[in-house]
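Listed here are the chains, written in short residue letters.
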Amino acid sequence: MQQVATGYGLIEGPVWDPARGLYFSDVINGGAHLLDRTGAVSLVVPKRRGIGGMALHEKGGLVVGGRDIACVSLNDGVTRTLLSLDAIAGATGFNDLTTDRTGRIYVGSLAYRVFGGEAPRPGYLHVIDLDGTMRTLSDGVLLTNGLGFSPNGKHLYHSDARAPLVRIYDVKEDGSVGPWRKFASLGDDRVPDGLKVASDGSVWVADAHGGRVAVFNPDGTHRHNVAVPLPMVTSLCFAGDDLRDLYVVTGSRGGPHENCGSIFRARVDVAGLALPPARIDLAR
């Protein structure tokens, strides 16, 4: 596993753009960055902290989480809010997110300040429809984290880092979901963070304190682990022309210093799934 970037506080939200490279955020120090195909890193969204998830928008912008869900133009920096905290009673922010094949955005809300030492309170799972309206789909999520769809779009996987387990929901035609059930656990003392789904249906889950990516078969049984050089593994992304380049991002906790968050890359034997761009109406 090769280190391709380092020097960040807490990296999150990796998303692959075939045309430009890998976008990622630094939750602690702020900003969203681009690691381009030459290996150069540039700042694309300045200052904004707390971005736990990102996705591309079909109009060329970058959808980001944090204090709200917003779409930031990569041309002129104009920001359009897609979902504000005011829409959800008691919400303190948003964490990871994903998109379905139609371009809807699925995102979890937080109900306490994770880095503020507050006692956990359950948040929710929401979907932003193409017309910009929001629906709340599920509740009781103590610390919402990674989200991803099965290859056929019929199942949604969702990490709850405080349960700790990965949920699975059956997805209905209108984008709503049925009651959740347990898909897999990394262990009672483990913390499931970001996740991605591969083309064979396997679910790849970052172990936030375990120095690994845990890979599960579609039936929830454990397949194998991918070892990572730093202990705080926060998320991952399939990339490259064949989607077999695995990028793994980390935070600094447990590392040699407070800004050792890094991006690692490895070749894997199964291709990932391309994340569809969001198609939420920006003209509303």
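The notes below deal with the structure included here.

Calculation rules
Residues numbered from 1 in each chain as written. Predicted model: local features only at pLDDT ≥ 70, side-chain atom pairs only at ≥ 80, totals over all residues. Heavy atoms only, no water. Salt bridge = Lys/Arg side-chain N within 4 Å of Asp/Glu carboxyl O. Helix = DSSP H or I, 4+ residues; strand = E, 2+ residues; numbered from the N terminus. Buried < 20%, exposed > 50% of the residue type's maximum accessible area, 1.4 Å probe, protein only. Pairing = 2+ DSSP bridges. Axes fitted to C-alpha atoms, helices over the stretch in contact; angles between N-to-C directions. Core = buried A, V, L, I, M, F, W, Y, C linked by side-chain atoms within 4.5 Å. Contact = heavy atoms within 4.5 Å. Polar contact = N/O pair within 3.5 Å; in protein donor to acceptor, adjacent residues only side chain to side chain.

Looking at the pattern of salt bridges
Counted by the stated rule, this structure contains 15 salt bridges. Between Asp-207 and Arg-190 there is a salt bridge, and its shortest N-O distance comes to 3.6 Å. Here Arg-190 lies in the loop between β17 (181-184) and β18 (192-197) and Asp-207 lies in strand β19 (residues 203-207), a separation of 17 residues in the sequence. Here Asp-207 falls in the buried class, since its relative accessible area comes to 0%. One salt bridge connects Arg-223 with Asp-200, and the closest N-O pair in it is separated by 3.0 Å. With a gap of 23 residues between them, Arg-223 in strand β21 (residues 222-227) and Asp-200 in the loop between β18 and β19 connect regions that are remote in the sequence.

Notes on the sheet that holds strand β16 (residues 165-170)
A sheet is described by the order of its strands in space; here 4 strands give the open sequence β14-β15-β16-β17, paired in antiparallel fashion. The open sheet terminates on both sides in strands that have one partner only, identified here as β14 (144-149) and β17. Mean inter-strand twist for the sheet, computed between neighbouring axes without regard to direction, equals 35°. Pairing geometry for β14 and strand β15 (residues 155-160), over 4 bridges, is antiparallel.

Some points on the pairing of β15
For β15, the tally of buried residues reaches 5 of 6 residues, placing the bulk of the element in the interior. Between β14 and β15, which pair antiparallel in sequence order, lie 5 residues; one of them, Gly-153, sits at a positive phi of approximately 75°. Examined bridge by bridge, β15 and β16 share 6 bridges and lie antiparallel to one another. The residue bridging Tyr-157 from the neighbouring strand is Ile-168, located in β16. The antiparallel hairpin formed by β15 and β16 contains 4 residues in its connecting segment.

A look at unusual backbone geometry
In terms of backbone geometry, most residues other than glycine have negative phi values and most peptide bonds are trans. Following Ala-163, the chain continues into Pro-164 via a peptide bond in cis, with omega recorded as -15°. Locating Pro-164 in the fold gives a position in the loop between β15 and β16. Phi angles above zero are rare outside glycine, and Lys-47 is one such case at about 70°. With respect to the secondary-structure elements, Lys-47 resides in the loop between β5 (41-45) and β6 (54-56). In this structure, Leu-243 takes a positive phi of about 60° despite not being glycine. Tracing the chain through its elements places Leu-243 in the loop between β22 (233-239) and β23 (245-250). On the accessibility criterion, Leu-243 (16% relative accessible area) is buried.

Concerning the nonpolar core
Judged by nonpolar contacts, the single largest core of 16 residues is most densely connected at Trp-204, Val-213, Leu-236, Leu-246 and Val-248. Contributing elements (two or more residues each) for this core: β19, β20 (212-216), β22 and β23. Excluding its chain neighbours within four sequence positions, the residues that come into contact with Leu-246 are Trp-204, Val-226, Leu-236, Cys-237, Phe-238, Phe-264, Arg-265, Ala-266 and Val-268. In terms of nonpolar packing, the next biggest core, distinct from the first, is built from 15 residues, Ala-55, Leu-83, Ile-105 and Ile-280 among them.

A word on the environment of Phe-24
With respect to the helices and strands, the residue Phe-24 is situated in strand β3 (residues 21-26). A relative accessible area of 0% places Phe-24 in the buried class. Here the alpha-carbon distance between Phe-24 and Lys-154, two residues 130 residues apart in the chain, equals 27 Å.

As for the side chain of Thr-99
Inspection of the secondary structure puts Thr-99 in strand β10 (residues 93-99). Among the residues examined, Thr-99 registers a relative accessible area of 3% and is labelled buried. Within the structure, the side chain of Thr-99 is placed 2.5 Å from the backbone oxygen of Pro-276, a separation counted as a polar contact. Beyond its immediate sequence surroundings of up to four residues, Thr-99 is in contact with Ala-55, Arg-104, Ile-105, Phe-149, Leu-275, Pro-276 and Ala-278.

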